[in-house]
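Structure assessment
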Amino acid sequence: CADGLRAESGRFLARVQGPVAGNVLLRREQYRKADDARCSAELARMVLIGKIANSRTVLQRAMRDHGEKDHMDTARMGEAVLRLSAYLNLLEKDNQLDMVRGFEGDAAHTYFGVFDQLIVAQKEDFPFGERNRRPPLDNVNCLLSFIYTLLVHDVRSALEGVGLDPAVGFLHRDRPGRPSLALDIMEEFRPFIADRLVLSLINLKQVQAKGFTHAETGAVLMTDETRKTVLVAYQERKKEEIMHPFLGEKVCIGLVFHVQALLLARYLRGDLDGYPPFI
């Protein structure tokens, strides 16, 4: 299947989808495991190990590349890294789903609590106090929300491409109209793709304050020109090659969504003992 974005504005228009791939046995196994609290907790745990490990790497990379030379509060950053490491240790244990969700919320609060330290250019134009959405209330959150939306469309397409139901998740539970499984799997990619891209766009001054507008409701919106800049940067990012941590092969970042969808399908079918998150 393919998602369509309007070239002039970057807004979502429609999606084209062929017959559902895969077989019904895979989807039935997905539904059975999603109804099993223990299985749901196990998969949610693995997804969050990927997310928190990647979040920690973003902080460590920033400390290495910028540190004190850009007036970064390395003490706060170091404390956040230690706290994220502690949550990873907790997730190594067999926990119930509610506990896993609690760790995720605390880890996200820790990570975004120092996210402003990662912005080393245009700090006055791109202040960041906390993560907010629906609507985003500042320029940074506007960028994050937009790229997260692009991510979830790509992950959803990858899941459908291997025959999984993107609406039935494990960490995110069923809700009408919500692609819960796509939201689950995209958690691993948020820090590595979306957050790092936002930081690059700001710190390299590829986006500027004049590219954002403020609505009467307080919502912050991108201009069409800024939206196109972000879309181009996102597509270019997907062309970059990395060494996949599980396959041990070079793949384009844009194909990693499909690789993880295939690994998830193999796990649900019983071909793998566990789901290997993208770290």
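Further up the page is the structure itself.
The structure contained in this document is the topic of the report that follows. (Residues numbered from 1 in each chain as written. Predicted model: local features only at pLDDT ≥ 70, side-chain atom pairs only at ≥ 80, totals over all residues. Heavy atoms only, no water.)

The subject of this paragraph is the packing of aromatic side chains. Both the distance between ring centres and the angle between the ring planes are used here to describe each pair of aromatic rings. Scanning all chains against the criterion turns up nine aromatic pairs. Here the aromatic rings of Tyr 111 and Phe 112 are separated by 5.1 Å at their centres, their planes lie at 65 degrees, and the arrangement is edge-to-face. What makes Tyr 111 buried here is its relative accessible area of 3%. Exposure remark for Phe 112: the relative accessible area of 14% places this residue in the buried category. Cluster of aromatic residues (ring-pair linked, three or more members): Tyr 111, Phe 112, Phe 115 and Phe 128. (Phe/Tyr/Trp six-rings, centres within 6.5 Å; stacked < 30°, edge-to-face > 60°. Buried < 20%, exposed > 50% of the residue type's maximum accessible area, 1.4 Å probe, protein only.)

Before going further, it helps to spend a moment on helix α5 (residues 139–161). Helix length check: α5 (23 residues) gives 34 Å between terminal C-alpha atoms against 33 Å at 1.5 Å per residue, within 8%. Burial within α5 is extensive, with 20 of its 23 residues counted as buried. At the N-terminal end of α5, a side-chain oxygen is found 3.1 Å from the backbone nitrogen of Val 140, two or three residues along, and the residue is Asp 138. Positive backbone phi, at 95 degrees, marks Gly 163, one or two positions downstream of α5. (Helix = DSSP H or I, 4+ residues; strand = E, 2+ residues; numbered from the N terminus. Expected span 1.5 Å × (residues − 1). Polar contact = N/O pair within 3.5 Å; in protein donor to acceptor, adjacent residues only side chain to side chain.)

Following the sequence through the fold, Ala 215 ends up in the loop between β3 (212–214) and β4 (220–222). When its relative accessible area of 31% is taken as the criterion, Ala 215 is described as partly exposed. Put simply, Ala 215 and Ala 261 are 46 residues apart on the chain and 38 Å apart in space, counted from C-alpha to C-alpha.

This next bit is on the side chain of Ser 145. Relative to the helices and strands, Ser 145 resides in helix α5. Owing to a relative accessible area of 17%, Ser 145 belongs among the buried residues under this scheme. Engagement of the side chain of Ser 145 in a polar contact is seen with the side chain of Arg 131, the distance being 3.1 Å.

Taken as a whole, this structure holds 16 salt bridges when the rule is applied. The salt bridge involving Arg 45 is made with Glu 42; its shortest N-O contact spans 2.8 Å. Of the two residues, Arg 45 and Glu 42 both sit in helix α2 (residues 37–65), three residues apart, roughly one turn of that helix. Judged by its relative accessible area of 10%, Arg 45 is buried. Between Arg 237 and Glu 240 there is a salt bridge, and its shortest N-O distance comes to 2.7 Å. Relative accessible area serves as the criterion here: at 9%, Arg 237 is assigned to the buried category. The network of salt bridges with common partners includes Lys 51, Glu 104, Glu 187 and Arg 190. (Salt bridge = Lys/Arg side-chain N within 4 Å of Asp/Glu carboxyl O.)

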